[in-house]
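# Observations on chain architecture
So you can see what is in the structure, the chains are spelled out below.
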Amino acid sequence: MSEIQDYMDWAGITYEKSGHWIWPTDRDSMRVNLNKDYFNRFSTGVWGHLPEFVAEHDDLTPTEAKKRLADFQQDNPQSRRVDRSTTVDSQPFDLSALHAERQLSTKCRDYLIKARKIPTKLVDQLVKQGQIMEDTQHHNLVFPWYQGDKIVGADLQGTTYMEDPHQGRHYFKGIARHSAHDFGWTQVVGEGGAPTRAVICEAPIDAMSYGQLFAPQEPTLIVSLGGVEKKGVFANMIAERIGDHGGKLKELVLATDNDDAGRQFIQQFKDAGIQGDNGRVKVNVAIPHEKDWNDDLKDDQTVQQLISLDHFSSSVSETKIQEKQPAKQSTPADTPEPAAEDTPKESYTEKRRQEIAQYSKQVLAAARKVTRTPEDLLEMADFMARFPQYSFHNQVLIKEQKAGALAVAGFTKLKQLGAKVQKGQHGIKIFAPNMVKHVKISDDWVPLNQVTSEQKQAANKHQLPTKELIKGYRLVTVFDVTQTTMKAADYPKIYPNRPYEFPSNPENIADLTQAVDEFAKGQRITIQERAYLNSKSVAKGYYAPDTKAIVIQSGLPDSEKLKVRLHEMGHALLEHQADKVSRPIAELQAELTSAVVMKHCGINVEREAVPYISAWTDHLQKLDERQFGQQMTIINDVNRASRKIIEGIDPRYRELEKSRTQTMVQKVPTLEKPGMEPLDMGIQRQHSLSR
């Protein structure tokens, strides 16, 4: 029995209970750990045992609290504090049962470093500290939970891909048997004494990813809950890792996944009456761009969306992340933005940070719209084809702000081309990378402003390797050509990848096919045509990952052969293998890649692409079963693959077209409008990576 619970019963304080946690109904921002007999009140940052509880809950002075405590103890002489070392589990945690060792196999290292993109240096550091181990029997990663020097539990993470996902996951994930109920995996980053900040994540890999993305300088405790259903874990961990070491919490960051479960967990704090800033502890919410922090790390999303808990809503995906657009989304062309020196530095920086967060939310809101139906996806593919040089995030931003955009450029470039932005036009906000010069010190790339003066001099003399790396993003303003005084005939000046004025004739198809074949050769991918294919189920072609070969049925019309080439090229560039990606997702990505490239070339493909995507994904139902962050990754991969193909075939096609037209005697007839008639490709189910 807990002494605090005894007091609450004696004082007539009503409370609710969940497991070994209770909280007063009139102070539900408090959490009382019955096993260890302490409380933590997150709205004020105060924690302690019964004497502190009496003063904090009853709002008493130290003298008043001492007197009330004496009254309680006089009426309850049998009540005494429970030993904090008492555990609730009758069977103690046994690390040896996991066959855990402090040396990772190649398989486990590759999973962390290659699949999860955790830096090698960080992995080695955590292994050395005993924070990452391996279950040598099952090749699962083990993330131990420490109570002092004692291991009291562990997260388990599988490294073997499961073809049939369990609970929506292709990799095993769980908690080791007999793990303590009120602990989790932790990591302290930054320099200094006891941490003053705490960040709450859902899993160890998310915690590592968050720490790597934002690398806080001040000492920060990053806590993994092991799953948001474990209420109260965060209270114990903060008390153990901060309070017990003389620290005082000043900021709490709730950094759960960007999904319903994560948002519900955060909402519990707000429902408990906790404020974003009460003068003692700031409580903020960090929202991943993708589904979780590891997805952000893999996508190099170094711009953190940080909002106060006061501004958080449980329906953040539909309101806060997608909240209504700012009253003024962009700057009119005739009204220059204020220079940084015209505004106090702190407020200017904060304004820009908020603006970046706002447009990041806008990307998520708009991107959800284009993944609702195959028709929406194909409409987005059409837009992606116009802007292959931009990231998917920027493509979405441009489309959301100006759906009819043809080609965009910054104010300076337009001025250099002799074009003026029409008066009253509002610019389009997109993200541009912040490039920071780095110097190679030993095996690490260190920002130039963080090296010694001697190292900086050596770098300037080219005695040390240097390179530019992306460190975050900033918002820039661009304008579409239709917003300028530029004539239509001059659009190609800022539109290097403008879709071809594609005549409907065999010569153009042949030139484009040759360009694709030469690009494939450069990628060490062979393209073969056969009269009969090996698989009876394959109607038109397939890609063989083992031999990096595309095989196409030779009897198809040339236009269909081109379409199949690009579809199978999508499989090849996205490195689709049957044991690594589900078939519906692979076919969706390959078809979208082909559609983007074909649309870029002015060839319409909606008639066969929409039913093809619908057939493989049950009208996107199989895609909808995945988390939205994974959907974003799916489209990002399509964008990268189609961009690589376009950049590879464009120059060669133009050379071939120019060479051919110079030798033509008769003028080639053109269509009244760019674009060919849709190709009649037909729809068939196949059982290999094929089209």
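Described below are features of the structure shown in this document. Each residue is numbered by its place in its chain's sequence as written, counting from 1. Only residues with pLDDT of at least 70 are given local features in this predicted model, and only at 80 or more are side-chain atom pairs given and counted; all residues enter the totals for whole chains, interfaces and linings. Note that the side-chain values use all heavy atoms of the structure and ignore hydrogens as well as water.

## Points about the overall build of the protein chain
How we decide: In this text, helices come from DSSP runs of H or I with a minimum length of four residues, and strands from runs of E with a minimum of two, each type numbered from the N-terminal end. A 1.4 Å probe rolled over the protein chains alone gives each residue an accessible area, and that area as a share of the maximum for its type sets the label: buried under 20%, exposed over 50%, partly exposed in between. Contact between two residues is taken to exist if any of their heavy atoms lie within 4.5 Å; hydrogens are not considered.
Scanning the protein chain from N- to C-terminus turns up 20 helices and 23 strands. Out of the 691 residues belonging to the protein chain, those deemed buried represent 51%. For the protein chain, the proportion of contacts with a sequence separation of at least 24, taken over those separated by at least 6, is 70%.

## Concerning the nonpolar core
We count it as follows: The criterion is simple. A nonpolar core is a set of buried Ala, Val, Leu, Ile, Met, Phe, Trp, Tyr and Cys residues joined through side-chain atoms within 4.5 Å.
Ranked by size, the top nonpolar core spans 53 residues in total, and within it I398, L562, M569, L592 and I649 carry the most contacts. If you list the elements that add at least two residues to this core, you get α11 (374–386), α12 (392–401), β18 (428–441), α15 (506–522), β23 (549–553), α16 (558–573), α17 (583–600) and α20 (628–663). The element best represented in this core is α17, accounting for eight residues. In this structure, I649 is in contact with L512, A515, V516, F519 and V597, ignoring residues within four places of it in sequence.

## Focus: the packing of aromatic side chains
Each aromatic ring pair is described using two quantities: the centre-to-centre distance and the angle formed by the ring planes. Worth spelling out the cut-off: Aromatic pairing here means that ring centres of Phe, Tyr or Trp (its six-membered ring) are within 6.5 Å. Orientation follows from the plane angle: under 30 degrees is stacked, over 60 is edge-to-face, and everything else is tilted. In this scheme, the term charge over a ring applies when either NZ of a lysine or CZ of an arginine sits within 6 Å of the ring centre and within 35 degrees of the ring normal.
Per the counting criterion, the structure on display carries 11 aromatic pairs. Their ring planes at 80° and their centres at 6.2 Å tell us that Y7 and F53 sit as a pair that is edge-to-face. Of this pair, Y7 sits in helix α1 (residues 3–11) while F53 sits in helix α2 (residues 50–58), placing them 46 residues apart in sequence. Using a relative accessible area of 0% as the deciding quantity, one classes F53 as buried. An aromatic cluster is built from Y7, W10, F39, F53 and F72, whose rings are joined through pairwise contacts. Between R31 and the ring centre of W23, over which it is positioned, the NZ or CZ distance is 4.3 Å.

## A look at α11
The condition that has to hold: To estimate how far a helix should reach, multiply one less than its number of residues by 1.5 Å.
Here α11 is 13 residues long and its end C-alpha atoms lie 19 Å apart, about the 18 Å a rise of 1.5 Å per residue gives. Most of α11 is tucked away: 10 of the 13 residues are buried. Of the positions making up α11, those classed as buried are P374, D376, L377, L378, M380, A381, F383, M384, A385 and R386.

## Focus on the pattern of salt bridges
Heads up, the rule is: By definition here, a salt bridge exists when the distance from a side-chain nitrogen of Lys or Arg to a carboxyl oxygen of Asp or Glu is within 4 Å.
Inspection of the entire model under this criterion finds 16 salt bridges. Across the pair E251 and R197 runs a salt bridge, and its minimum N-O distance is 2.9 Å. Of this pair, E251 sits in strand β14 (residues 251–254) while R197 sits in strand β12 (residues 197–201); the two residues are 54 residues apart in sequence, bridging distant segments of the chain. Taken individually, E251 and R197 each receive the classification buried, so the pair is uniform in this respect. When the shortest N-O distance is used, the salt bridge between D295 and K298 registers 3.7 Å. Of this pair, D295 and K298 both sit in helix α9 (residues 293–298), three residues apart, which is roughly one turn of that helix. Here D295 falls in the buried class, since its relative accessible area comes to 12%.

## Some details on the sheet that holds strand β1 (residues 15–18)
Rules: Strand pairing follows a simple DSSP-based rule, namely that at least 2 bridges must link the two strands. Only the stretch in contact is used when fitting a helix axis, every axis being a line fitted to C-alpha atoms; angles between N-to-C directions are given from 0 to 180 degrees.
Taking strand neighbours across the sheet as the criterion, the five strands line up as β1-β2-β3-β4-β5 in an open arrangement whose pairing is antiparallel. The open sheet has two edge strands, β1 and β5 (46–48), and neither has a second partner. Here the strands of the sheet are splayed against their neighbours by 20° on average, with no regard to which way each runs. Sheet analysis places strand β2 (residues 21–24) next to strand β3 (residues 30–33), joined by two bridges and oriented antiparallel. Within β3, the residue paired with W21 across the bridge is N33.

## Description of the sheet that holds strand β11 (residues 186–189)
Taken in spatial order, the six strands make up an open sheet running β11-β13-β12-β14-β15-β16, and their pairing is mixed. The outermost strands of the open sheet, each flanked by one partner alone, are β11 and β16 (305–308). Within this sheet the neighbouring strands show an average axis-to-axis angle of 25°, counted without direction. As judged from the four bridges shared by β12 and β14, these two strands associate in the parallel manner. Looking at β14, one finds that R197 is bridged to E251.

## A look at unusual backbone geometry
If you check the backbone angles, K117 has positive phi at about 65° while not being a glycine. Relative to the assigned elements, K117 resides in the loop between α4 (106–115) and α5 (120–128).

## Examining the pairing of strand β15 (residues 282–287)
Buried residues dominate β15, accounting for five of its six residues. Pairing between β14 and β15: four bridges, direction parallel. When the bridges of β15 are listed, E251 appears paired with K282. Taken together, the four bridges between β15 and β16 define a ladder with antiparallel strand orientation. Bridge pairing in β16 links N284 to S308.

## Side note on the environment of A207
Take A207: it is sitting in helix α6 (residues 204–214). Residues A207 and T186, spaced 21 residues apart in sequence, show a C-alpha to C-alpha distance of 8.0 Å. Discounting residues that sit within four places of it in the chain, A207 has contacts with W185, Q187, C201 and I222.

## Description of helix α3 (residues 62–75)
Our working definition: Throughout, the arc means the angular range of directions from the helix axis out to the C-beta atoms.
In a regular helix each residue adds 1.5 Å, so 14 residues correspond to 20 Å; α3 covers 20 Å between its end C-alpha atoms and thus fits that length. Those residues of α3 that sit buried are A65, L69 and F72. Around the axis of α3, the buried residues are gathered within 60° of arc, so they sit on the same side. Away from its buried face by more than 90 degrees, α3 exposes T63, K66, K67 and Q74. Buried residues along α3 sit against α1 and α2.

## Digging into the packing of α1 against α3
As a reminder of what qualifies: When describing relative orientation, an angle under 35 degrees is termed roughly parallel and one over 145 degrees roughly antiparallel, while 65 to 115 degrees is termed roughly perpendicular and anything else oblique. In this count, Pro and Cys sit with the nonpolar residues alongside Ala, Val, Leu, Ile, Met, Phe, Trp and Tyr, while Asp, Glu, Lys and Arg are called charged and the others, Gly among them, polar.
Interhelical geometry of α1 versus α3 gives an angle of 90° and a closest axis separation of 11 Å. By the angle between their axes, α1 is roughly perpendicular relative to α3. Facing α1, whose interface residues are E3, D6, Y7, W10 and A11, α3 presents R68, D71, F72, Q73 and D75. Broken down by class, the residue content of the contact of α1 with α3 amounts to four nonpolar, one polar and five charged.

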